[in-house]
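# Chain and residue survey
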Amino acid sequence: MTEMTGNAEKNRPLARRTALGLAATAVAAAPLAVLPAEASAASGGPPPVRRLRAKSEIGRIRLSWESDPYRPFVDHYAVYGSKTAGFKIGPDTLIAKTVYSSFPHDRMGGNRQDWRYRIVVVDAAGNRSRPSAEVSGHSTESVIVSGKPIATVGSFDHKSLEMALAPNLSAQYSTKFPNGVDYTFGTSKPENDWSYIQPGPSDAWAGNKPSRATFRFALDAVPAAETWLAIWLLDTHASLAGAVTLAVNGTQISEVQLERGASRGSLEGDATVPGTTLKPSYVELALPASAFKTGENVLTIDKKIGSWHVYDALGIFTR
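Below: a short report on this structure. Within any chain, residue numbers begin from 1 and follow the written order of that chain's sequence. At least 70 in pLDDT is required for a residue's local features to be given in this predicted model, at least 80 for side-chain atom pairs to be given and counted, and no such filter applies to totals for whole chains, interfaces and linings, which use all residues. Side-chain numbers here rest on the full set of heavy atoms in the structure, without hydrogens or water.

### Here's the deal with the nonpolar core
- Formed by 41 residues in total, the largest nonpolar core has its most connected members in W194, F215 and L314.
- Sorting the residues of this core by element identifies strand 9 (148-153), strand 10 (181-184), strand 12 (211-219), strand 13 (227-236), strand 14 (243-248), strand 16 (281-287), strand 17 (295-305) and strand 18 (309-318) as the ones contributing at least two each.
- Apart from residues no more than four positions distant in its own chain, W194 is found in contact with V153, M163, A164, F177, V181, Y183, K189, A213, T214, F215, Y311 and L314.
- For this analysis, a nonpolar core means a set of buried residues of the types Ala, Val, Leu, Ile, Met, Phe, Trp, Tyr and Cys, connected via side-chain atoms within 4.5 Å. Exposure is judged per residue with a 1.4 Å probe applied to protein chains only, and the accessible area is read against the type maximum: over 50% gives exposed, under 20% gives buried, and values in between give partly exposed. Residues L63, Y77, A96 and Y117 belong to the second largest nonpolar core, which totals 17 residues. Only DSSP runs of H or I covering at least 4 residues are called helices, and only runs of E covering at least 2 are called strands; the numbering of each starts at the N terminus. We call two residues in contact whenever any of their non-hydrogen atoms come within 4.5 Å of each other.

What follows is the structure, given as C-alpha cells:
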C-alpha cells in the first residue's frame, strides 16, 4: 500500500473503529485533547446525548443514553466520570470511549461506590458536542461486604489465579477433574481442588458434555438469618455463556442465565490488569432456609447449557 501524502489526506478523519482502536467494544480510554464546552458549541458540533441514566448493579454502574448516531455520523461517545459533583470535563476524568449508547463502568468490587457522569458525542469529522447534563449513580453493595461468610472458595478480587489449572490450562480439565469438581470447605484447597473454569456441553475440549461443580460445607444449625449465595465470575464465553442450574441438598433453587463475556477468561486470569478485555459478572441470590440442614450441606452448580465460565470466587453468606 502506498503512503498517503498531501494536506487533504493528512487531515482526513480516521474511520470510526480505527480512531477508537477497537472492534465494536468499549475500552479503557487513553487521554485525548478536550475542547471546552463553549468551543465545541461554537464549532457546530453534534447535539449532546439525551436522557442519560445510571443503573445500580453489583460491582458496576450501567450507563445508557439516547442520541442521533447518524445525524451527523457519530464516531464515538466519550464517557467522563468523577466522584465529585460538578466535575470538569478533561483527560483526567475520561473513563472510556464507546461506539454504543451504553457503557458498564465495572470492576468496582463489592463496596458501594458513588459516581457522577457526563457524555460527549464525537462525530466522524472529529467535532465534539457540548457535555451532557450530569447524572449521579452508585453501585450496589455486595453480600460479600454486608454479609457474614459461612463458607467460601477463592478471593473476591476479580482474579482466578489462586484456583486449579489457572490461568490457561483448561485442556487438562478432563484429566484433573474427570467426574467434575468436588470441594469440601475446610479441607479442600482452591489451588488443587477447585477448577478455575467450568465447561459446558458446547466445549469439545472437555468432551461436549454437561459438568457439575460440587461445594460441600457444614452447618452447626440452620441459619436464622437470611442466607445468600455469591458467585463472582471473571469471564464467560462471548456468545455461548449459557446457564447454570443451582441446587442445595438435591433441591433445585434456580436456573441462572449467565452474561456474555469476552472469551478471554480461559487464557487470562486477572481482570485488574489495565486494558484487559475480561468481562466480570456477578450472581447473588437469597437461598431458602428450608433447603438447609444441620451437618453437611451440598451446593451443586450444573452447566447443562452453553460453553464455559471462569470463577473469581464463590461463597455462602448470611445477612
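Now that the structure has been shown, we can carry on.
### Thoughts on the packing of aromatic side chains
- Centres within 6.5 Å make a pair out of two Phe, Tyr or Trp rings, where for Trp the six-membered ring is used; the pair is then stacked when the planes are under 30 degrees apart, edge-to-face when over 60, and tilted otherwise. Inspection of the entire model under this criterion finds 13 aromatic pairs.
- Residues Y173 and F177 carry aromatic rings whose centres are separated by 5.7 Å and whose planes lie at 40° to one another, so their mutual orientation is tilted. By the burial criterion, Y173 is buried, and F177 matches it.
- Judged by centre distance (6.2 Å) and plane angle (90°), the ring pair of W194 and F215 falls under edge-to-face. One end of the pair, W194, is in the loop between helix 6 (190-193) and strand 11 (197-198); the other, F215, is in strand 12, with 21 residues separating them in the sequence. The exposure classification of W194 matches that of F215, with both residues buried.
- Among the aromatic side chains, those forming a connected cluster through ring pairs are Y183, W194, F215, F217, F292 and Y311.

### Brief notes about the environment of V79
- With respect to the helices and strands, the residue V79 is situated in strand 4 (residues 74-82).
- According to the relative accessible area criterion, V79 is buried, its value standing at 0%.
- Those residues within four positions of V79 in sequence are excluded, and the remaining contacts are L63, W65, T93, L94, I95, A96, T98, F103, Y117, R118 and I119.

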